[in-house]
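What follows is each chain in one-letter form.
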Amino acid sequence: LMNTVTAVYCEAIVYNSNADRLSFDSKRNDKIQLKVLRSLLLEEVLESNGKIKFRDVMKVLKGNGAPVLTHLGLELWVAKALFRLLDAETERAVDIDEFVYLLLHLQRDPQNIHLASLEHQSRRILKKVQLVATLLEQ
């Protein structure tokens with residue numbers, strides 16, 4: 001009986017260990033893919049403030065960056081929506097690192113969509129409050 005219990009326990013440990021290793025490998029592969037995407041985005045023409053325009057992001061994501069989205073299990077419409085969420089100032093340009101960071105975290109947990117949306121709304125409200133404060137100071 002003791003041997004059976006030990007065997008079941010050891011099998012559970014091996015199973016969980018393999019699951020952890022596969023999860024770690026998957027996360028590492030995702031990060032590698034996103035580094036590739038980041039380098040592709042950096043090859044595009046950037047704004048003077050270091051941001052990248054919507055059309056340039058879409059050009060990359062429809063071209064050489066398409067396999068990265070596929071690897072992450074994301075579709076192009078998700079990347080478009082994420083871009084709009086990040087573009088609080090409606091400049092049609094976002095910071096590359098923010099975009100790549102949110103792509104990584106978005107594909108892991110659906111709750112992050114809600115958090116990104118909340119952050120976007122907070123940025124818009126902050127911009128409006130700053131505008132009102134500026135107008136009141138004048």
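Residues numbered from 1 in each chain as written. Predicted model: local features only at pLDDT ≥ 70, side-chain atom pairs only at ≥ 80, totals over all residues. Heavy atoms only, no water.

Peer 1: I'd love a proper account of the nonpolar core, names of residues and values included.
Peer 2: Within the largest apolar cluster, 27 residues are counted, with the highest numbers of intra-cluster contacts made by Leu34, Leu37, Leu41, Val57, Leu61, Phe99 and Leu103. Broken down by secondary-structure element, the contributors of at least two residues to this core are α1 (2-42), α2 (54-62), α3 (66-72), α4 (76-86) and α5 (96-106). No other element matches α5, which puts 7 residues into this core. In contact with leucine 103, other than residues within four places in its own chain, are Leu34, Leu37, Leu69, Leu74 and Leu82. (Core = buried A, V, L, I, M, F, W, Y, C linked by side-chain atoms within 4.5 Å. Buried < 20%, exposed > 50% of the residue type's maximum accessible area, 1.4 Å probe, protein only. Helix = DSSP H or I, 4+ residues; strand = E, 2+ residues; numbered from the N terminus. Contact = heavy atoms within 4.5 Å.)

Peer 1: Tell me what's going on with the packing of α2 against α4, and back it up with residues and numbers.
Peer 2: Between α2 and α4, whose axes approach to 11 Å, the crossing angle comes to 160°. With respect to each other, α2 and α4 are oriented roughly antiparallel. For α2 against α4, the interelement crossing comes out right-handed. Residue-level inspection shows Phe54, Val57, Met58, Leu61 and Lys62 of α2 in contact with α4, the latter providing Leu76, Ala79, Lys80 and Phe83. Of the residues assigned to the contact of α2 with α4, the class counts are 7 nonpolar, no polar and 2 charged. (Axes fitted to C-alpha atoms, helices over the stretch in contact; angles between N-to-C directions. Parallel < 35°, antiparallel > 145°, perpendicular 65-115°, else oblique. Left-handed = near helix turned anticlockwise from the far one by under 90°. Nonpolar A, V, L, I, M, F, W, Y, C, P; charged D, E, K, R; others polar.)

Peer 1: Describe in detail the pattern of salt bridges, supporting the description with residues and values.
Peer 2: Scanning all chains against the criterion turns up 3 salt bridges. Aspartate 97 serves as the salt-bridge partner of arginine 38, at 2.5 Å between the closest nitrogen and oxygen. In this pair, arginine 38 sits in helix α1 while aspartate 97 sits in helix α5, placing the two residues 59 residues apart along the sequence. Its relative accessible area of 33% is what places arginine 38 among the partly exposed residues. As a salt-bridge pair, glutamate 44 and lysine 59 come within 3.2 Å of each other at their nearest N and O atoms. Here lysine 59 lies in helix α2 and glutamate 44 lies in the loop between α1 and β1 (51-53), a separation of 15 residues in the sequence. (Salt bridge = Lys/Arg side-chain N within 4 Å of Asp/Glu carboxyl O.)

Peer 1: Give a detailed account of the side chain of aspartate 56, specifying residues and quantitative values.
Peer 2: Residue position: aspartate 56 is located in helix α2. Nearest to the buried, unbridged aspartate 56 among oppositely charged side chains is arginine 55, at 4.1 Å. Not counting the four nearest positions on each side in its chain, aspartate 56 is found in contact with Glu44 and Val45. (Lys, Arg positive; Asp, Glu negative; His and termini not counted.)

Peer 1: Describe the environment of lysine 62, listing the residues and the values that go with them.
Peer 2: Of note, lysine 62 is situated in helix α2. The sequence separation of lysine 62 and leucine 76 amounts to 14 residues, and the corresponding C-alpha distance is 7.9 Å.

Peer 1: Give a detailed account of the confidence of the model for the chain, specifying residues and quantitative values.
Peer 2: Considering every residue of the chain, the mean pLDDT works out to 78; 80% of them sit at 70 or more. Within the chain, the element-level pLDDT minimum falls on α1, averaging 72, and the maximum on α2, averaging 90. (pLDDT = per-residue confidence, 0-100.)

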